[in-house]
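Structural overview
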Amino acid sequence: MKNWLIPTGLVVLVGVAVLGAGLGGAAPLPQEPIRESSTRVSVVCPAFQSATASVRVAAISTENPVRTSKLSTPQKSTESAGLALVENPGQPVRVSVRRSEMFGATIVSSAAGGPARGLAAASCLAPQAEHWFAGVDVTEAAQSDLVLVNLDATNAVVDLVAYGTGGRLSAPRGLTVDGNSVSTVSLGVIARREQPITLKVSTSQGRVAAFVRQVTWDGNNPFGADWVPTGLGPQVDQVIPGVPDGKGRRTLVVTNPGDRTADVKIDVLSATGLSELTGAQRVEVAPGVTKTVELSPGLAGVAAGLRLSSNYEVAAGLVADNGLPPSGLDTAAISAAPPVPGDAVWPLALGKTTTSVLQLVNPSATDATVKLTLTTGAKGAPKTTEVKISAWSSAQVPLPKADVTTIRIQTESTVVRGAVLATAALGAVKGLAVLDLIADETRVHQAVIVFDPSLG
């Protein structure tokens, strides 16, 4: 097992869209009265220090300025009208807007080599009481860390539960994360397993934003660096968007945290409609167990979304790679995602050499329509199109190659899911990344409103 090395070759794409409407679960406010302008919504993006990678945080608000700051120096915030870019922050970044506004934030880093090379994707998150990660690599060749960020002034206490192919695994509990700080927990303390596991992160006190970051090694050579996105948690009906096309493994990871055997049905939603996988239409998952199913033979290189329906709640994700030898290999972890909101925005600083597509998945018997607006750069003219997603299918829209592209989705549908699939040539590595398009409050726990005097 290698000691953790600071990434020098990771391409990280991290994003979130947050809506002002419907926020709940507000943190307790100070005793003294505070102005409305001092109440803000905050998310954190898990930036990291790298000597060679280019790291860029992009944030945008549809109305008033957006504020950004490094986690360690919240008093040194920067306020930007329109599109804000923070380059090479070296540590997690806090993004904040006034409570009633819609905004989005992402982080992208890129480099050709090093101990965390390739492309990786995750979501910026508000503090929550519970996170689920399906597809965590705990093989002998893996180096996985859990990054816990506490944006509140008070301490948080965190418990971990790990589910492997043989049942529950021993995992740390009672971890204290100081207020306004970041703590990194090595997952090397969990027993090694050949198959991916699922990790539940919950708090018995306070809230945290949690991220799993992992690197797989081929001897002394790193490959397959990735963020494992936090999913919806156990559900009886869920959708995994963003299954990429092309060669490589497509390993479904399903976990049953309950006490009864779950019968899970798998449907494929591609551009040609609804289909089933030969030999993998249904999967039984025993209580307290994680089960993996290789889907690549049935998918046959087709881009798609997956719909999982089960009699009992399960957590699910997917692990993919590009099918190349270790010298060019890269991986992507994908999670079950909630429906896209009625109106949300995501700025993506992918760069002009990255190829990307927006995938929209419709897991219903009724056609859906999305109003899609794409804006390139800080001053580009918005271009709006209407995208129809047929019932039980998915659609892909190429995104422009630009330094920064902002995606805005408006829809009356309550079921459509979205993801961005990105590839880039990084030296010998063919990078692969998938980012599910989420609004933080659509997850199991709603985004919270926090009092932040330094950002206020």
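Residues numbered from 1 in each chain as written. Predicted model: local features only at pLDDT ≥ 70, side-chain atom pairs only at ≥ 80, totals over all residues. Heavy atoms only, no water.

Focus: the overall build of the chain
Counting its regular elements, the chain contains one helix and 35 strands. With 456 residues in all, the chain has 60% of them scored as buried. Considering only contacts within the chain whose residues lie at least 6 apart along the sequence, 82% involve residues at least 24 apart. Carbon and sulfur atoms provide 49% of the accessible area of the chain, an area that totals close to 16,800 Å². (Helix = DSSP H or I, 4+ residues; strand = E, 2+ residues; numbered from the N terminus. Buried < 20%, exposed > 50% of the residue type's maximum accessible area, 1.4 Å probe, protein only. Contact = heavy atoms within 4.5 Å. Areas by Shrake-Rupley, 256 points an atom, 1.4 Å probe, with all protein chains shown as cover.)

Observations regarding the confidence of the model for the chain
Atomic detail in the predicted coordinates should be set aside for any region of low pLDDT. Averaged over every residue, the pLDDT of the chain is 86; the share at 70 or more is 88%. This stretch, residues 441-456, has a pLDDT under 50; its non-local contacts, to residues over four places away or in other chains, come to 71 contacts. (pLDDT = per-residue confidence, 0-100.)

Considerations on the pairing of strand β17 (residues 209-218)
For β17, the buried fraction is high: nine of the 10 residues fall into the buried class. In terms of strand pairing, strand β11 (residues 142-150) meets β17 through eight bridges, oriented antiparallel. Its bridge partner being in β17, Leu148 is matched across the sheet by Ala210. Strand direction decides the pairing type here: β17 and strand β18 (residues 221-228), joined by six bridges, are antiparallel. Among the inter-strand pairings, Asp218 is bridged to a residue of β18, identified as Asn221. Here β17 hands over to β18 after two residues, with Gly219 in that stretch at a positive phi of 65°. (Pairing = 2+ DSSP bridges.)

Quick notes on the state of the cysteines
In the structure shown here, the tally under the stated rule is one disulfide. A sulfur-sulfur distance of 2.0 Å marks the disulfide that ties Cys45 to Cys124. Across the disulfide from Cys45 to Cys124, rotation about the S-S bond amounts to roughly 100°, and the bridge is consequently right-handed. A residue pair is termed long-range when its members are at least 10 positions apart, and Cys45 in strand β2 (residues 39-45) and Cys124 in the loop between β9 (118-122) and β10 (130-136) qualify at 79 residues. Residue Cys45 is classed as buried on the basis of its relative accessible area, which comes to 0%. (Disulfide = S-S within 2.5 Å.)

So, the pattern of salt bridges
Here the idea is simple: oppositely charged side chains can pair when their charged atoms come close. Applying the stated criterion across every chain yields a total of 12 salt bridges. The residue Arg207 makes a salt bridge to Asp152 at a minimum N-O spacing of 2.9 Å. Separated by 55 residues along the polypeptide, Arg207 in the loop between β16 (197-205) and β17 and Asp152 in the loop between β11 and β12 (156-164) bring together distant segments of the chain. Exposure remark for Arg207: the relative accessible area of 16% places this residue in the buried category. Residue classification places Asp152 among the buried residues on the basis of a relative accessible area of 12%. Asp159 is paired through a salt bridge with Arg173; the nearest N and O atoms lie 3.7 Å apart. Highlighted residues: Asp159 in strand β12 and Arg173 in the loop between β13 (167-169) and β14 (175-177), separated in sequence by 14 residues. Looking at Asp159, the relative accessible area reads 12%, which means it is buried. Via salt bridges that share partners, Asp237, Lys265, Asp267, Glu276 and Arg307 belong to a single interconnected network. (Salt bridge = Lys/Arg side-chain N within 4 Å of Asp/Glu carboxyl O.)

A closer look at unusual backbone geometry
For Asn88, which is not a glycine, the phi torsion comes out positive at approximately 50°. By the element assignment, Asn88 lies in the loop between β6 (83-87) and β7 (93-98). Its relative accessible area of 46% is what places Asn88 among the partly exposed residues. Residue Ala300 is not a glycine yet carries a positive backbone phi of 55°. Within the secondary structure layout, Ala300 lies in the loop between α1 (296-299) and β25 (304-321).

Considering the environment of Val149
Among the structural elements, Val149 can be located in strand β11. What makes Val149 buried here is its relative accessible area of 0%. Sequence separation between Val149 and Arg207 is 58 residues; the distance between their C-alpha atoms is 8.8 Å. Beyond its immediate sequence surroundings of up to four residues, Val149 is in contact with Val44, Leu71, Pro92, Ser181, Val182, Val208, Ala209 and Phe211.

Some remarks on the pairing of strand β27 (residues 343-348)
Counting buried residues in β27 gives five out of six residues, a clear majority hidden from the surface. Both β27 and strand β32 (residues 405-411) contribute to a ladder of six bridges, which runs antiparallel. Pairing of Val345 across the sheet is with Arg408, part of β32.

Structural notes on the sheet that holds strand β33 (residues 417-426)
Strand order in this open sheet of four strands is β31-β28-β33-β34, and the pairing throughout is antiparallel. Strand pairing shows two members of the sheet lacking a second neighbour, β31 (393-398) and β34 (429-436), which therefore form its edges. Within this sheet the neighbouring strands show an average axis-to-axis angle of 20°, counted without direction. Relative to β34, β33 runs antiparallel, the two sharing eight bridges. By the bridge assignment, Leu426 is partnered in β34 with Val429. (Axes fitted to C-alpha atoms, helices over the stretch in contact; angles between N-to-C directions.)

Section: the sheet that holds β27
Taken in spatial order, the four strands of this open sheet run β27-β32-β29-β30, and their pairing is antiparallel. The open sheet is flanked by β27 and β30 (383-389), the only strands paired with a single partner. Averaged over all adjacent pairs, the angle separating strand axes in this sheet is 20°, with direction ignored. In the sheet, strand β29 (residues 368-376) pairs with β30 via seven bridges, with the strands oriented antiparallel. Each residue of the ladder has a partner; that of Ala368, found in β30, is Ile389.

A look at the environment of Ser356
Along the chain, Ser356 turns up in strand β28 (residues 355-362). In sequence terms Ser356 and Val434 are 78 residues apart; their C-alpha atoms lie 9.5 Å from each other. Ignoring any residue separated from it by four or fewer positions in sequence, one finds Ser356 in contact with Leu350, Pro398, Leu399, Val420, Leu421 and Ala422.

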